[in-house]
Amino acid sequence: MDKRNLSVVSEFMLLGLCQSWDKQVLLLLIFFMLYLIIVSGNIVIMILIITDSHLHSPMYFLLANLSFVDMWLSSVTTPKMITDFVRENKTISFGGCMCQILFVHFVGGGEMVLLVVMAYDRYVAICKPLHYSTIMNLQKCIGLVATSWTIGFVHALSQMVVIVRLPFCGPKEIDSFFCDIPLVIKLACIDSYNLGILMNADSGVLAMICFILLLISYTYILLTVRRSSKAGTSRALSTCTAHITVVLLFFGPCIFIYVWPPSITWVDKFLAVFYSVITPLLNPAIYTLRNKEIKIALKRFRSYYLHSKRHINA
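Residues numbered from 1 in each chain as written. Predicted model: local features only at pLDDT ≥ 70, side-chain atom pairs only at ≥ 80, totals over all residues. Heavy atoms only, no water.

Going by the annotation in an unreviewed UniProt entry, the name recorded for the protein chain is Olfactory receptor, with Rangifer tarandus platyrhynchus given as the source organism. The protein chain has a UniProt comment under Function (unreviewed entry) that states "Putative odorant or sperm cell receptor." Per UniProt, the protein chain carries the Sequence similarities (unreviewed entry) text "Belongs to the G-protein coupled receptor 1 family." (UniProt positions renumbered as here; feature names shortened; annotations may be inferred.)

As structure tokens, then:
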């Protein structure tokens, strides 16, 4: 058997975000607090939507799924990054590295499609309001969410089939805080230039298709809103603005990483932090601060909790 085809690297070394100990301590505190906010904020949204009957509609069903996806996306990389801030040797096993790649692209691909589904929901609600309850029923919503997960899984699996078969026998330093395909491919003991372009194109095509579909959907929505009454326009624009903001925050870094990859290391790290930490942090804030129903549901939940507490103390 040709030994060059065997991977002899059992672990990789993550260089992290910086090398300074003082900066790492500061970043540890910052990202630990951000991760707690991400988890707690998205859990609160899911609990509100599940427990409040006023929020049992397709839009909030999809929003609850987005919160779950955001929490999972951040959990794939952030806990490892946080623990590495206090470790001298920031290593990750070969299997752990492959798992990070699998789940980052599984959850990330699923979120791209889910954002398209949410745009479709708003398109039906605003452009075809009389048929909304018929088109966006519970069965249809579950099917669309299942489709987003399926596409994300197939996309991630197509990447893994190639990556896991690559020979790794030499350098093992990854200049980032997690394993990602462009960086891992560079460490393979083969001429990986063309393969890197192909793998980036795989992710880039999915990102661009979803982004184009989103642009088409929101263009139709905004054109319809422009012809609507002023009362309906304000609410529709508020909802769409929140959706469009989330789309730009998520797709912006992804497109730059996989469609037009930056050649500057710190820019690459910043974009990776943005879509894995900042976007899951901002999503709950954007939807809660701009959504009256969520804010009202939060007040109802708080009043119910305080009333139950007084009843127990009495």
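A word on the packing of aromatic side chains. The full count for this structure, using the stated rule, is 17 aromatic pairs. With a centroid separation of 5.7 Å and 75° between ring planes, the pair formed by tryptophan 72 and phenylalanine 106 is classed as edge-to-face. Taken together, the residues span a long stretch of sequence, with tryptophan 72 in helix 2 (residues 58-84) and phenylalanine 106 in helix 3 (residues 94-127) at a distance of 34 residues. Within the aromatic cluster, the residues linked to one another by ring pairs are Phe68, Trp72, Phe103, Phe106, Trp149 and Phe153. (Phe/Tyr/Trp six-rings, centres within 6.5 Å; stacked < 30°, edge-to-face > 60°. Helix = DSSP H or I, 4+ residues; strand = E, 2+ residues; numbered from the N terminus.)

What follows is about the nonpolar core. Counting residues in hydrophobic clusters, the biggest one holds 74 residues, and the most contacted among them are Phe31, Ile49, Leu63, Met112, Leu115, Leu214 and Phe251. Of all the secondary-structure elements, those providing two or more residues to this core are helix 1 (21-51), helix 2, helix 3, helix 5 (138-163), helix 7 (193-226), helix 8 (230-258), helix 9 (265-289) and helix 10 (292-313). Grouped together as the second largest cluster of nonpolar side chains are 22 residues, Phe94, Ile174, Cys179 and Val184 included. (Core = buried A, V, L, I, M, F, W, Y, C linked by side-chain atoms within 4.5 Å. Buried < 20%, exposed > 50% of the residue type's maximum accessible area, 1.4 Å probe, protein only.)

Right, let's talk about the packing of helix 2 against helix 3 for a bit. When two helices pack together, their arrangement is given by the angle between their axes and by how far apart the axes lie. As a packed pair, helix 2 and helix 3 sit with axes 10 Å apart at the nearest point and diverge in direction by 160°. The angle between the axes of helix 2 and helix 3 places the two elements in the roughly antiparallel class. Read as a crossing pair, helix 2 and helix 3 show a hand that is left-handed. Broken down by class, the residue content of the contact of helix 2 with helix 3 amounts to 17 nonpolar, four polar and five charged. (Axes fitted to C-alpha atoms, helices over the stretch in contact; angles between N-to-C directions. Parallel < 35°, antiparallel > 145°, perpendicular 65-115°, else oblique. Left-handed = near helix turned anticlockwise from the far one by under 90°. Nonpolar A, V, L, I, M, F, W, Y, C, P; charged D, E, K, R; others polar.)

Now for the UniProt feature "transmembrane region" (unreviewed entry) in the protein chain. Using the residue numbers shown here, the UniProt feature "transmembrane region" (unreviewed entry) corresponds to residues 25-50, 93-120, 141-164, 205-225, 237-260 and 272-290. Helix makes up 96% of residues 141-164 and strand 0%. Its end C-alpha atoms lie 34 Å apart.

This brings us to the state of the cysteines. Evaluation of the coordinates by the stated rule reveals two disulfides. A sulfur-sulfur separation of 2.1 Å characterises the disulfide bridge that pairs cysteine 97 with cysteine 179. Judged by the sign of its S-S torsion, about -125°, the cystine formed by cysteine 97 and cysteine 179 is left-handed. A residue pair is termed long-range when its members are at least 10 positions apart, and cysteine 97 in helix 3 and cysteine 179 in the loop between strand 3 (173-174) and helix 6 (181-185) qualify at 82 residues. Judged on exposure class, the residue cysteine 97 and its partner cysteine 179 are both buried. Shown here is the disulfide that connects cysteine 169 with cysteine 189, its sulfur atoms set 2.0 Å apart. Placement of cysteine 169 in the loop between helix 5 and strand 3 and of cysteine 189 in the loop between helix 6 and helix 7 is noted, with a sequence separation of 20 residues between them. Residue classification places cysteine 169 among the partly exposed positions, given a relative accessible area of 40%. Take cysteine 189: its relative accessible area is 30%, and that puts it in the partly exposed class. Each bonded cysteine of the protein chain gets a number by its place in the sequence, and the pairs then read 1-3, 2-4. (Disulfide = S-S within 2.5 Å.)

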